[in-house]
Amino acid sequence: MKIATWNINGIKARIDAAQTWLRSASPDIACLQEIKCADEAFPTQVFEDLGYNVAVHGQKGFNGVALLSKLPFDEVRPRLAGDPDDVQARYLEAVISVPSGVLRLINIYLPNGNPYGTEKFVYKLAWMTRLKDHIKTLLANEEPMVIAGDFNVIPAPEDVYNPSTWMDDALFRPETRAHFQALLNLGLTCAFRACHDEPHRYTFWDYQAGAFQKNQGLRIDHLLLSPQAADRLQACEIDPGPRSWEKPSDHVPIFIELAV
């Protein structure tokens, strides 16, 4: 089974790119972030015509996540537990039946948190704490689980082109990386690092100053696996191709292959 994650940076602006990539890459499941539209404005029919079941947790003009699956959803749950007053559309969870049993999918668009030292950074860390607490509860089910999405976290210096210039950025602050490590410490596996140890492999390049052409990027899109999913991991790859297309997202897809 091929499971992909991609921050599309506006589904309306990137609908052609999304269709082109889905047709060529043909993931069984695709997790999209930053769709930037309300549920009713999401182009559901376009993706259903490509053979996908669609689940959306959107927000007009901001944030928003969507799940596309060639297999039907058994359960779908939007919103991250832990703060009933949080209205930002950043979390979508689903359960899908697979030949070996069930697969739980979590699609996240984690807060950016910039500028550091503001309420936005406080919100980011609080959101990460809520995510960790929820994942800890889910791990007790001892089932294959994939947490995919734009984490807005640079895990290590080898995941950014020039670490010294990012020290005060919310994506690379020690507090952010400590929260990310605490998530991994629950027993999760970073799929990319389980398959690759080379530095300077990125999933995001800014639109400014020829960052993509100079490979001045960041690795901030991740797929984290429960022990039961990690046992089935066969491959994990970044697809930089769509970044060179016309009107690209500033992120590119990253995908895993799981034996299910």
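Structure: see above.
Criteria and thresholds
Counting restarts for each chain, with residues numbered from 1 along the sequence as it is written. Per-residue local features of the predicted model are confined to residues with pLDDT of at least 70, and side-chain atom pairs are confined, for both listing and counting, to 80 or more; whole-chain, interface and lining totals are unaffected and use all residues. Side-chain measures here rest on the full set of heavy atoms in the structure, leaving out hydrogens and waters. Salt bridges are defined by distance alone: a side-chain nitrogen of Lys or Arg within 4 Å of a carboxyl oxygen of Asp or Glu. For the purposes of this entry, the term helix denotes a DSSP run of H or I that reaches at least four residues, the term strand denotes a run of E that reaches at least two, and both are numbered from the N terminus. Categorising residues by exposure relies on relative accessible area from a 1.4 Å probe, with only protein chains included: less than 20% of the type maximum marks a residue as buried, more than 50% marks it as exposed, and the intermediate range marks it as partly exposed. Nonpolar cores are built from buried Ala, Val, Leu, Ile, Met, Phe, Trp, Tyr and Cys residues. Side-chain atoms within 4.5 Å join them into one set. Two residues form a contact once any of their heavy atoms are found within 4.5 Å. At least two bridges found by DSSP between two strands are what make those strands a pair. Note on geometry: axes are lines fitted to C-alpha atoms, helical ones only across the stretch in contact, with angles between N-to-C directions running from 0 to 180 degrees. Identification of polar contacts relies on pairs of N or O atoms within 3.5 Å, with a donor-acceptor requirement for protein atoms, meaning one able to donate a hydrogen and the other able to accept it, and with residues adjacent in sequence counted only if both atoms are side-chain atoms.

A. Representation of the pattern of salt bridges in the model. Applying the stated criterion across every chain yields a total of 10 salt bridges. Ionic pairing is found between E93 and R104, a salt bridge with its closest N-O pair at 2.7 Å. Here E93, found in strand β6 (residues 91–98), pairs with R104, found in strand β7 (residues 101–109); they are 11 residues apart in sequence, far enough to count as distant. Accessibility assignment for this pair places E93 and R104 in one class, buried. Here E175 ties to R173 by a salt bridge, and the two come within 3.0 Å at their closest N and O atoms. Put simply, R77, E93, R104 and E143 are held in one network by salt bridges that share partners.

B. Highlighting the nonpolar core. Counting residues in each nonpolar core, the largest one holds 56 residues, and the members touching the most others are I3, I135, V146 and I256. The element best represented in this core is helix α3 (residues 119–139), accounting for eight residues. Not counting residues within four places of it along the chain, the set of residues in contact with I256 comprises M1, K2, I3, V146, A191, L223, L225, L233, A235 and C236. W6, I15, L22 and C37 belong to the second-largest nonpolar core, a separate cluster that totals 22 residues.

C. Broad picture of the sheet that holds strand β12 (residues 221–225). With mixed pairing, six strands are arranged side by side in an open sheet as β5-β6-β7-β8-β12-β9. Among the strands making up the open sheet, the edge pair consists of β5 (73–78) and β9 (189–190). Examined bridge by bridge, β5 and β6 share five bridges and lie antiparallel to one another. In the sheet register, V76 faces β6, and the bridge partner there is A94. Strand contacts of α3: β5, β6, β7 and β8 (145–150), with the helix running at about 20° to β6, the strand carrying the most contacts.

D. Spotlight on the environment of N162. With respect to the helices and strands, the residue N162 is situated in the loop between β8 and α4 (174–184). Residue N162 is classed as partly exposed on the basis of its relative accessible area, which comes to 29%. For N162, the side chain forms a polar contact with the side chain of S164, separated by 2.9 Å.

E. The arrangement of the sheet that holds strand β2 (residues 29–33) in detail. Within the open sheet, the six strands sit side by side as β3-β4-β2-β1-β14-β13. Their pairing is mixed. Either end of the sheet is taken by a strand with one partner, and the two such strands are β3 (53–57) and β13 (233–238). Here the average twist between neighbouring strands, direction ignored, is 15°. Contacting β1 (2–7), β2 and β4 (65–69), helix α1 (residues 15–25) crosses the sheet at an angle of about 160° to β1.

F. Spotlight on the environment of K214. Relative to the helices and strands, K214 resides in the loop between β10 (204–205) and β11 (217–218). Between the C-alpha atom of K214 and that of Y161, which follows or precedes it by 53 residues, the distance is 9.7 Å.

G. Layout of the side chain of H196. Structurally, H196 can be placed in the loop between α5 (191–195) and β10. We classify H196 as buried; its relative accessible area is 12%. Here the side chain of H196 touches E198 through a polar contact of 3.0 Å, side chain to side chain. Sequence-distant contacts of H196, defined by excluding residues within four places in its chain, comprise R201, C236 and E237.

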